[in-house]
Amino acid sequence: MVSGHIFHCRRNSWPAEEYVGRTALQLLDFDGGAPPEQAWRRKLNSDANLLKEFSVTFMEAMKMMTLGLRLWSYVREEASHGRKAPIDPFTKERCRPSASQGVPLGGMGSGSISRGFRGEFKNWHIIPGLCESSPVMENQFSIFVSRDGGNKKYSSVLAPGHHEGLKKKSDSGISSWDWNLSGQHSTYHALFPRAWTVYDGEPDPDLKISCRQISPFIPHDYKDSSLPTSVFVYTLVNTGKDRAKVSLLMTWANSIGGFSHNTGGHYNEPFIAEDGVSGVLLHHKTAKDNPPVTFAVAACETQNVNVTVLPVFGLSGENHVSAKEMWNTMAQNGHFNRENFSAGSSMPSSPGQKLCAAVSASTWVEPHGRCTVVFALAWSSPKVKFQKGCTYNRRYTQFYGTSERSAVNLVHDALTKYKLWEEEIEKWQNPILKDERLPEWYKFTLFNELYFLVAGGTVWTDGQPPAIDEKANPGFNQQKSSKRGTKDTKPESVKESHVNLTAEQIRDSDERSVSKFAAVHGSQMQEQTNGGLKSEEPIPYMISKDGPENVGKFLYLEGVEYIMWNTYDVHFYASFALLDLFPKIELSIQRDFANAVLYEDRRKVKFLADGTSGIRKAKGAVPHDLGTHDPWHEMNAYNIHDTSKWKDLNPKFVLQIYRDFAATGDMQFGRDVWPAVCAAMDYMDQFDRDGDGLIENDGFPDQTYDAWTVHGISAYCGGLWLAALQAAATMAHRLGDRHYAEKYKLNFIKAKAVYEAKLWNGSYFNYDSGTSSNSRSIQADQLAGQWYTASSGLPPLFEEHKIRTALQKIFEFNVMKVKGGRLGAANGMTPKGKVDETCMQSREIWTGVTYAVAANMLLHGMEHQGFTTAEGIFIAGWSEEGYGYWFQTPEGWTTDGHYRSLVYMRPLAIWAIQYALSPPKAILEAPKVNLMDRIHISPHMARAISEISIRKVAPDNRCFPSSAFKCEC
């Protein structure tokens, strides 16, 4: 817990008054129009500089040349099948990344659209795994003001006019609109999941305008947080002496980004719903047989607000009203014809033609009067389809059905419920925002880093089995029922399958899903060739026992550049956010991995680092990820290394399981996943080659730092293994499994002595026990195992003075010796105080690891060091003097600020800091007893373990035994 006296240097560096005049703030303090005291802020005329990507050194390039050639070949092979490779450093986006991002729209898992701080709608993530980064410039809010009987008029798009793609004003497209906003007196204020844009006298000097963007991201709300919708609340304050007619306009293109409009077949139609909600539906036919998308753009008509629509306009004016004509109508009349609501559906668009729609909301604002106008956007794409053929229903369809026309109900509910959403959001955020002990920058950065749970390619399904796309499975020509989960035939024998399950799992699985999947893939007897390697049946869909409530299945990408779902070594850091805010989702993910541990997938895979081949998934090994193009069925999309030989994944699984078990107090969860914990621990025995209880690394990058070679015993993996032994022993004791409790405790005692003897040098733990040039390097992440140990309420792995001494060394070297602590913690430092240049990753600063190190410092009473360490990420990534990585925090950057892998999962680890400050109730109230002391090792067990250590028998690959559960002691 944080003491109350340590923040004497707390900064008030982001007051709203420095961005918006005090008078404007007071006037807008009506119906939530004023921005909050704590928020990330920018002026709209701020420069959105292009971001600089990292580059490898000549020596690094030479070392990775063979890998690069194999990767290039693999990328081309995947492209020949119409698929994008999970890692593709060769294909660059058309739109270069810039420092222009803002709070994204929508809830989780239903497709996302980002919105830049200057107002552009960009980074379209509607189709899973694909992101169209270019802004769709037709999507805008605009304003038209008429005063003094029409003698004084103002009109402008509510975005600065210095955007790429705007042509000459003389054309008939959007360049003909009035782009009169300079942005000098307009500001953006972000506090995820809301954002405020304040126009202080722009374009009308006597009109104050606030646009408040609201999305339904509400912790512990597993319904509304899944909804694909956002609300835009405009607060208008007339400071002039005369009455003003104000018309707000929302325009929207029938597009999901990029050139998606070129396919044709799209159409629009107006609608009128209940409670004054009306607008336009834009039906979008996607390419490559992806599920269609329907947008709903709407406003709420009230006694004072009149809503009209223009269902269709185009850019050229050939077949429809042109963008220029639409604009002139609004400038002249301030509204559209009411008869447009009866226009019906438009003709489908021709290929290459872009259809747009407009919704206008007009009102009169009296002198010194105020008014509120509300718009909303919803997008309904009820089905999510992966490229290898499986289609699922999204989570929100449980509440709104599977019709694309549910967009009408979504937008209606958004317009009528947004105030309730805001109440829940403020109830969640206010205790942190009002905590005077916390640094100012931390409060809003904590919430803003959550952008990734919306914009990180998240997919949230209804938890039901998939429907199989017959086109993607040409061998399937029988049992063509379209009903999802229908039992068409009996499933193939588990013994005959190349995927092995335990008997317990078969009983627990949903019989319909296995039957359906077996019916489909059992008929595909011919083997498919994949790069010269034969592939066989995929893994049956894994149905988890999610307790009394099925919250669906949840996927999020490692990053928009690393397209792999639920990458587990990274989730290890990011999972604190889900555990705190959506614990049922976190447990669902852990159940998926627990099921996966017990599977074996013998399909052959070529590993690109060394060119060898192996099986896709070994039984007992925790998968690196849940896949890319067929998640849950085809895991381990990552194919640089054979991750069944990685040393960190299994310990991380055990540590996460125990942390979640301890934090939630869910005994049923513990019992359900315990067989997988035992299997994961037993699997690691093969890596303890000398019988000392401690695993050894194998002289290649066999862990999350997959370019940083490790030899022998390592601080990182060895520490994770120590922590996993203690966690597994404690969990076994709590579940009444005496055999495993004794076994893991004895191994822990042995391994701990070896670890300290071989790595502790008096001030920190050496990088590894080898003899390479960097074996004595200071790794920022060396105490990752202790971090999880402390987070789980377990006894420390080492004496407290050793832990604090090592953390202090990391602070003094990895943090403060790199630009004075203004970049975060460098992954590796030499004992001489220089950045470790051994490889690309040793010299990088990883954002999520820095947050994790800061959390570890806080857990051990080092508050000053912890917040100083974390603040380096804020300064470099989020501050005005930094590099521009807000709302796209990368995996890491170099000491000169060049990024690698934007929009990355690991920075969610900032929530580990909050977890350290406010631990879960179950951990705070747990008895302060060292359960390890209660585990008594029998002479028989000690003798048996000793004999096994001497013989070092090969691991048993038969089915792993279950344990008999008793009561918690």
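In case you missed it, the structure is sitting above this.
Here's a quick rundown of the structure. (Residues numbered from 1 in each chain as written. Predicted model: local features only at pLDDT ≥ 70, side-chain atom pairs only at ≥ 80, totals over all residues. Heavy atoms only, no water.)

On a plain count of helices and strands, the chain comes out with 23 helices and 32 strands. Taking contacts inside the chain between residues at least 6 apart in sequence as the whole, the part at least 24 apart equals 72%. Surface exposure of the chain reaches about 34,300 Å², of which carbon and sulfur atoms provide 51%. (Helix = DSSP H or I, 4+ residues; strand = E, 2+ residues; numbered from the N terminus. Contact = heavy atoms within 4.5 Å. Areas by Shrake-Rupley, 256 points an atom, 1.4 Å probe, with all protein chains shown as cover.)

The next thing to look at is the sheet that holds strand β5 (residues 152-157). Reading across from one edge, β5-β4-β10-β15-β14 is the order of the 5 strands in this open sheet, with antiparallel pairing throughout. One side of each edge strand has no neighbouring strand; the edge strands of this open sheet are β5 and β14 (305-313). Adjacent strand axes in the sheet meet at a mean angle of 15° when their direction is disregarded. Bridge count for β14 against strand β15 (residues 356-365) is 7 bridges, and the pairing is antiparallel. The residue of β15 that forms the bridge with Phe-313 is Cys-356. (Pairing = 2+ DSSP bridges. Axes fitted to C-alpha atoms, helices over the stretch in contact; angles between N-to-C directions.)

Here we come to helix α6 (residues 407-433). Across its 27 residues, α6 extends only 34 Å between first and last C-alpha, which sits more than 12% below the 39 Å expected from 1.5 Å per residue. If you look at α6, its biggest bend is around 60°, right at Lys-417. (Expected span 1.5 Å × (residues − 1). Bend = angle between axes of the 7 residues up to and from the residue.)

Time to look at the pairing of strand β25 (residues 613-617). Direction of pairing for strand β24 (residues 601-606) relative to β25: antiparallel, over a ladder of 4 bridges. Residue Lys-604 lies in a different strand from β25, and its bridge partner there is Ile-615. Taking the residues that link successive antiparallel strands as the turn, the β24-β25 hairpin has 6 residues, and the phi of Gly-611 there is positive, at about 80°.

Turning to a nonpolar patch on the surface, a few remarks are in order. A cluster of nonpolar side chains, namely Phe-58, Met-59, Met-62, Met-65 and Leu-69, defines an oily patch on the protein surface of about 570 Å² accessible area. When contributions to the nonpolar patch are tallied by element, the ones reaching two or more residues are α2 (58-63) and α3 (65-80). The element best represented in the nonpolar patch is α2, accounting for 3 residues. Among the secondary structure elements, Leu-69 is positioned in helix α3. For Leu-69, a relative accessible area of 55% puts it in the exposed group. (Patch = residues over 30% accessible without salt bridge, like charges linked within 9 Å, V, L, I, M, F, W, Y side chains within 5 Å. Salt bridge = Lys/Arg side-chain N within 4 Å of Asp/Glu carboxyl O. Buried < 20%, exposed > 50% of the residue type's maximum accessible area, 1.4 Å probe, protein only.)

In short, shape yes, function no, at least from these values alone.
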